[in-house]
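# Survey of secondary and tertiary structure
Each chain is listed here by its residues.
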Amino acid sequence: RDLHSFPTRRSSDLGAVEEQLGYSLESVEWLPGMWAVDGRARLAACDAYQGGYVYGLDAASAAAAVVLGAQPGERVLDLCCAPGAKLCYIAELMGDRGTIIGIDSAENRLRVCKSILSKYGLQSPELHHADGRTWDGREFDRVLVDAECTHDGSVKHLAKHLVSGRSQVLEEQTFSPERLASIAALQLALLENGARAVRKGGTLVYATCSLTTTQNEQVLARFLGSDRGARFSVLSLRDSVASLWPCRDGGVPGSIRFDPDEFGGLFVVALRRAEYSDEGVGKEDKIHPDKEESTATDRS
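Not measured: the values here are computed from a predicted model.

### Overview of the overall build of the protein
Within the protein, the regular secondary structure consists of nine helices and 14 strands. Going through the 300 residues of the protein one by one, you find that 52% of them count as buried. Restricting the contact set of the protein to residue pairs at least 6 apart, pairs at least 24 apart contribute 75%.

Following this line, the structure appears as structure tokens:
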């Protein structure tokens, strides 16, 4: 299931969208304002899509943006922003008001991101071609590290390799010890730099679409065990924003996981930086981000 959201400044006739797609829209109750449509629907051929009223975003990925909880007027950093649908969604949740910085090391993907933002008329995001491990930024209210991963939580990604007979390549790129060690090192470096950018009392969200503990719980444990990580505490998502979501507890208390059944697989955890370096460590907190504006999804 992919999420198709409506920019907050625009109106769209849901009945007309259903007629164009040939499928009924279904409300996604656990994400207020979201809609699901059968995956056979040709979204790209829909006038609403071509006209910049709806776009595709996996529901689990949208959940990571909701966990971030960005509010209008805040300073927000998306450290791995391309190809851009999640960045669009964050900007919408903020009413396109505030400072939103998007960083990505892939120049071609960043061009796609710029095109998407232009198509949907979003003005607040500012894009930078840079390495998220070393980009220097400070005092952000909220930072999202949706890190590069092996994408093994994406059924579409796995099917693409299996259908094309590239199972050997898939195994080498996803599950080899060398690949896992390399990607985990990258993820930890991204998380550490994201932590540097968060102000005292700010929120840091780490997410991947991998199902492996190597890229999720183990990366998080290494970070929390460091001097910098000791300044952060894990927020309790299941007791707050994710209480009614179709997810399960992650291996680190407070984190959550989506299994790749109805939606894509996702691991997500939210961390709060202590107001003072020697206070607040180890305490749980709760977050209650505001409800989103009108949006829509696609069932796959």
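### Observations concerning the packing of aromatic side chains
Taken as a whole, this structure holds five aromatic pairs when the rule is applied. Ring geometry for Trp135 against Phe140: centres 6.2 Å apart, planes inclined by 45°, an arrangement best described as tilted. You can call Trp135 buried: its relative accessible area is 18%. Phe140 gets classed as buried once you look at its relative accessible area, which sits at 2%. With 5.6 Å between their ring centres and 55° between their planes, Phe223 and Phe232 make a pair best called tilted.

### A word on the nonpolar core
Membership of the largest hydrophobic core comes to 47 residues, with the highest contact counts inside it found for Trp30, Leu31, Trp245, Phe258 and Val268. Where this core is concerned, the elements lending two or more residues are strand S3 (34–36), helix H3 (59–68), helix H4 (85–93), helix H5 (107–119), strand S9 (198–208), strand S12 (256–258) and strand S13 (266–273). Examining the composition of this core, we find that nine residues originate from one element, H3, more than from any other. Those residues in contact with Trp245, other than ones at most four positions away along the chain, are Trp30, Leu31, Ala63, Val66, Val67, Arg238, Ile256 and Phe258. Formed by 29 residues, the second largest nonpolar core is a distinct cluster that contains Trp135, Val143, Leu191 and Phe223.

### What to know about the confidence of the model for the protein
Residue-level pLDDT values for the protein average 83, and 80% of them are 70 or greater. Scored below 50 in pLDDT, residues 1–9 makes 64 contacts in the model with residues more than four places away or belonging to other chains.

### A look at the environment of Trp35
Mapped onto the elements, Trp35 comes out in strand S3. Each C-alpha atom, one on Trp35 and one on Ser24, is 9.7 Å from the other, the two residues being eleven residues apart in sequence.

### Some words on the environment of Ala91
Examined against the element boundaries, Ala91 turns out to sit in helix H4. Take Ala91: its relative accessible area is 0%, and that puts it in the buried class. Once the C-alpha coordinates of Ala91 and Ala65 are considered, the two residues, 26 residues apart in sequence, prove to be 9.9 Å apart. Every residue in contact with Ala91, bar those within four places of it in the chain, is listed here: Asp96, Ile100, Leu122, Ser124 and Pro125.

### Some details on the packing of H3 against H4
Orientation of H3 relative to H4, taken along the N-to-C sense of each, is 40°, at an axis distance of 10 Å. The angle between the axes of H3 and H4 places the two elements in the oblique class. Here the hand of the crossing between H3 and H4 comes out right-handed. Only Lys86, Tyr89, Ile90 and Leu93 of H4 make contact with H3, whose side of the interface consists of Ser61, Ala62, Ala64, Ala65, Val66 and Leu68.

### A short note on the side chain of Asp78
The topology assignment puts Asp78 in strand S5 (residues 75–78). One buried charged residue, Asp78, remains without a salt bridge, the closest side chain of opposite sign being Lys86 at 6.2 Å. Filtering out sequence-adjacent residues up to four positions away, Asp78 remains in contact with Leu87, Ile90, Ile101, Gly102, Ile103 and Leu144.

### Comments concerning the packing of helix H8 (residues 177–197) against helix H9 (residues 217–224)
The contact between H8 and H9 brings their axes to 10 Å, and the two run at 45°. The orientation of H8 relative to H9 falls into the category oblique. As for how H8 packs across H9, the hand of that crossing is right-handed. Counted together, Ala184, Gln187, Leu188, Leu191, Glu192 and Ala195 of H8 and Val219, Arg222 and Phe223 of H9 form the full contact between these two elements. A breakdown of the residues in the contact of H8 with H9 according to their chemical character gives six nonpolar, one polar and two charged.

### Let's talk about the pairing of strand S7 (residues 125–129)
Taken together, the five bridges between strand S6 (residues 99–104) and S7 define a ladder with parallel strand orientation. Its bridge partner lying in S7, Ile103 is registered against His128. What joins S6 to S7 is H5, and the crossover it makes is right-handed.

### Describing the pairing of S6
Counting buried residues in S6 gives five out of six residues, a clear majority hidden from the surface. Of the pairings in the sheet, the one linking S5 to S6 comprises four bridges and is parallel in character. Among the inter-strand pairings, Arg75 is bridged to a residue of S6, identified as Thr99. Handedness of the β-α-β unit built from S5, H4 and S6 comes out right-handed.

### Points about the state of the cysteines
Taken as a whole and assessed by the stated rule, the structure comprises zero disulfides. Among the cysteines around Cys81, which has no disulfide bond, Cys113 carries the closest sulfur, lying 4.2 Å off. For Cys113, a relative accessible area of 0% gives the class buried.

The rules behind each value
Residues numbered from 1 in each chain as written. Predicted model: local features only at pLDDT ≥ 70, side-chain atom pairs only at ≥ 80, totals over all residues. Heavy atoms only, no water. Helix = DSSP H or I, 4+ residues; strand = E, 2+ residues; numbered from the N terminus. Buried < 20%, exposed > 50% of the residue type's maximum accessible area, 1.4 Å probe, protein only. Contact = heavy atoms within 4.5 Å. Phe/Tyr/Trp six-rings, centres within 6.5 Å; stacked < 30°, edge-to-face > 60°. Core = buried A, V, L, I, M, F, W, Y, C linked by side-chain atoms within 4.5 Å. pLDDT = per-residue confidence, 0-100. Axes fitted to C-alpha atoms, helices over the stretch in contact; angles between N-to-C directions. Parallel < 35°, antiparallel > 145°, perpendicular 65-115°, else oblique. Left-handed = near helix turned anticlockwise from the far one by under 90°. Lys, Arg positive; Asp, Glu negative; His and termini not counted. Salt bridge = Lys/Arg side-chain N within 4 Å of Asp/Glu carboxyl O. Nonpolar A, V, L, I, M, F, W, Y, C, P; charged D, E, K, R; others polar. Pairing = 2+ DSSP bridges. Right-handed = clockwise from strand over helix to strand, strands pointing away. Disulfide = S-S within 2.5 Å.

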